[in-house]
Amino acid sequence: MRVAVETDVAVPRQAVWDYIADADQTFDFIVGLGRWKREGKKHGGLGARYRMGMQVGSVELGGLVEIVEFDPPHDLAWSGITGVEQRGRWRLRPRKGGGTRVELRVTYHAPGGLMGSIADVVALPIVTRELQRSLDELKRRLEKRARERTRPAARTGAPRQRPKKGAGRARRRHRRTGLAFGATCREVVA
Amino acid sequence: MKPLLPPIRDDFEDRDPDHVRTWLPFLWLMASLYFRAEVRGLQKIPRKGPVLLVGNHSGGNMAPDTFIFALAFSAYFGAERPFHQLAHSLVMLMPQARWWLRPYGTVTASPKNAQRALRTGAALLVYPGGDYETHRPSCESARVDFAGRRGFLRLAHRAKVPRVPVVSIGGQETALFLSRGESLAKLLRLDRLFRLKVLPISLALPWGLNVGDMLGHLPLPAKITIEVLDPIDLHRLFGDRPSWSEASDYVVGKMQDALTRLRTERRFPVLG
């Protein structure tokens, strides 16, 4: 069974690549990922292996996967070694205006003949939904990060300064009395 | 009187990971669509080596908790990891045992088989309550009842393997279990003939009144929730020579607390 989802992200391709190629980030944006752990010494790139598990229906399915294609900043593909038979691919293509089209393709196949085929079909909407939500989450994170990097310069032209400790406290007031939290007894009496 | 059961056979060679893999989709469909199962805490099971998984048994002879947990275990750790389950001698005599249970890793319940499974480095699932617990009345659904059996503790202590409790709820709602029928079993001498402590009486599909549950039944689609608890280290808690009654009370108490918590999560019978 083949699932392909895609989205346009208003972030340059290299930035998207840096994010998805960093295995430590994977756990943050793939929805339903219950397990994601590096196996072996290789931390990333071609040949890196990960033990993964994704909640599909009542149980966590997955197994050991290996990166089989690592072509920055275009394509990243993996293949299952043990567990559920699967292949997957991240495909990044530039869009006009500096954005990136991110495509995520996953092909999986359950063993067990007819029952396996039925399970494939039943799992399809679940997998599609989770992958689409993952892409949406990726888009949200990348664009938020890009906005945060550009905002201070756009407003003042100077780097944003950290507010002083306790600066926001005066604004928080008790709903009934209208007194500021942290006010001393003397202030209350007065 | 000598039991009429045949001698315990060697089932260990029958386990076949390919068979396990082939059956996973069917089990997944049943667990996900029919029983809407939820399995939590598998990460608490040691990733490698022998481990004794101690569960509370529910659902009569069609115990769905067993196959749902077997599915979750094999899906999580892979069908390659050796995993055995102990089953009553009578269950292993049923025709389905030959083509389904034995290749899945089920072996006849005996201390010798249990020791052998742990010695070979396998994960072993035991239900100390066995037939006594799985046929308890539905009103005792949220009760752990091992009938005072403690052999599993000695077994794990001797083999020096971690004991991991596995608690499940929902199985007792797959039929209306009315009584264990202990008196009836005693009267018919089933204990001596077949090592059966019970002759359960239930209302179950498609039979209506179901006595004995020998042919199984069609389970109602009750929501099954399974939770794996933290491993219990009896060496650390009770020393090298523990009092077995204290240790048993401790383990059963931990499981009972978890089961009571799972019970409070359920709002309706069957629906969960």
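In this convention, every chain numbers its residues from 1, walking through the sequence in written order. Here the convention is simple: chains get letters from A, ligands get numbers from 1, in the order in which they are written. Given that the model is predicted, a residue must reach a pLDDT of at least 70 before its local features are reported, and side-chain atom pairs must reach 80 or more before they are shown or counted; all residues, however, enter totals for whole chains, interfaces and linings. Only hydrogens and water are set aside; all other atoms, that is, all heavy atoms of the structure, feed into the side-chain values.

### Topic: the nonpolar core
What counts here: Side-chain atoms within 4.5 Å link the members of a nonpolar core, which is a set of buried Ala, Val, Leu, Ile, Met, Phe, Trp, Tyr and Cys residues. Three labels apply to residues, based on accessible area from a 1.4 Å probe with only protein chains included: buried if under 20% of the type maximum, exposed if over 50%, partly exposed otherwise in between. Each helix corresponds to a stretch of at least 4 residues labelled H or I by DSSP, and each strand to a stretch of at least 2 residues labelled E; elements are numbered beginning at the N terminus. The criterion used for residue contact is that any of the two residues' heavy atoms lie within 4.5 Å.
In this structure, Trp90(A), Leu138(A), Trp28(B), Ile45(B), Leu53(B), Ile68(B) and Phe69(B) are the most contacted members of the largest nonpolar core, which totals 75 residues. The element that contributes the greatest number of residues to this core is helix α2 (residues 64-77) of chain B, accounting for 10 residues. Once residues lying within four places of it in the same chain are set aside, the contact partners of Ile45(B) are Val51(B), Leu53(B), Phe69(B), Phe73(B), Phe77(B), Arg81(B), Val164(B) and Val228(B). Counting 30 residues, the second-largest nonpolar core is a separate cluster that includes Leu229(B), Ile232(B), Val251(B) and Leu259(B).

### Describing helix α1 (residues 13-21) of chain A
To keep it simple, the criterion reads: Think of the arc as the fan of directions from the helix axis to the C-beta atoms.
Three or more residues of α1(A) are buried, namely Val16(A), Trp17(A), Tyr19(A) and Ile20(A). All buried residues of α1(A) fall inside an arc of 165 degrees around its axis, so they share one side.

### A word on the confidence of the model for chain A
Stated precisely, the cut-off is as follows: For every residue, the pLDDT score states the predictor's confidence, bounded by 0 at the bottom and 100 at the top.
Residue-level pLDDT values for chain A average 84, and 79% of them are 70 or greater. Note that pLDDT drops below 50 for residues 166-190 of chain A; the model gives that stretch 12 contacts with residues more than four away or on any other chain.

### With respect to the pairing of strand β5 (residues 123-126) of chain B
Residues and elements named next belong to chain B. The following threshold applies: Strands are treated as partners if at least two bridges between them are detected by DSSP.
Side chains Ala 123 and Leu 125 of β5 all project onto a buried face; the interleaved residues Leu 124 and Val 126 project onto the opposite face, where all are buried too. Across four bridges, strand β2 (residues 51-55) lies against β5 in parallel orientation. Across the sheet, the residue bridging to Val 51 is Ala 123, located in β5. As paired strands, strand β3 (residues 83-87) and β5 are joined by three bridges and run parallel to one another. Paired with Gln 85 across the strands is Leu 125, a residue of β5.

### Quick look at the packing of aromatic side chains
Both the distance between ring centres and the angle between the ring planes are used here to describe each pair of aromatic rings. What counts is decided by this rule: The pairing test for Phe, Tyr and Trp rings, Trp by its six-membered ring, is centres within 6.5 Å, and the orientation test on the planes gives stacked under 30 degrees, edge-to-face over 60, and tilted for anything in between. Note on criteria: charge over ring means Lys NZ or Arg CZ within 6 Å of the ring centre, with the direction from the centre no more than 35 degrees off the ring normal.
Evaluated as defined, the whole model comprises 17 aromatic pairs over all chains. An angle of 10 degrees between the planes, with centres 4.7 Å apart, marks the rings of Trp36(A) and Tyr50(A) as stacked. Linking Trp36(A) in strand β2 (residues 33-39) with Tyr50(A) in strand β3 (residues 49-56), this pair joins segments that are 14 residues apart in sequence. Residues Phe146(B) and Phe152(B) carry aromatic rings whose centres are separated by 5.6 Å and whose planes lie at 85 degrees to one another, so their mutual orientation is edge-to-face. Joined through ring pairs, the aromatic side chains of Trp23(B), Phe26(B), Trp99(B), Trp100(B) and Tyr104(B) make up one cluster. Looking at Arg35(A), its charged tip hangs above the ring of Tyr76(B), at a distance of 3.6 Å from the centre. The aromatic ring of Tyr132(B) is capped on one face by Arg180(B), whose charged end is 3.8 Å from the ring centroid.

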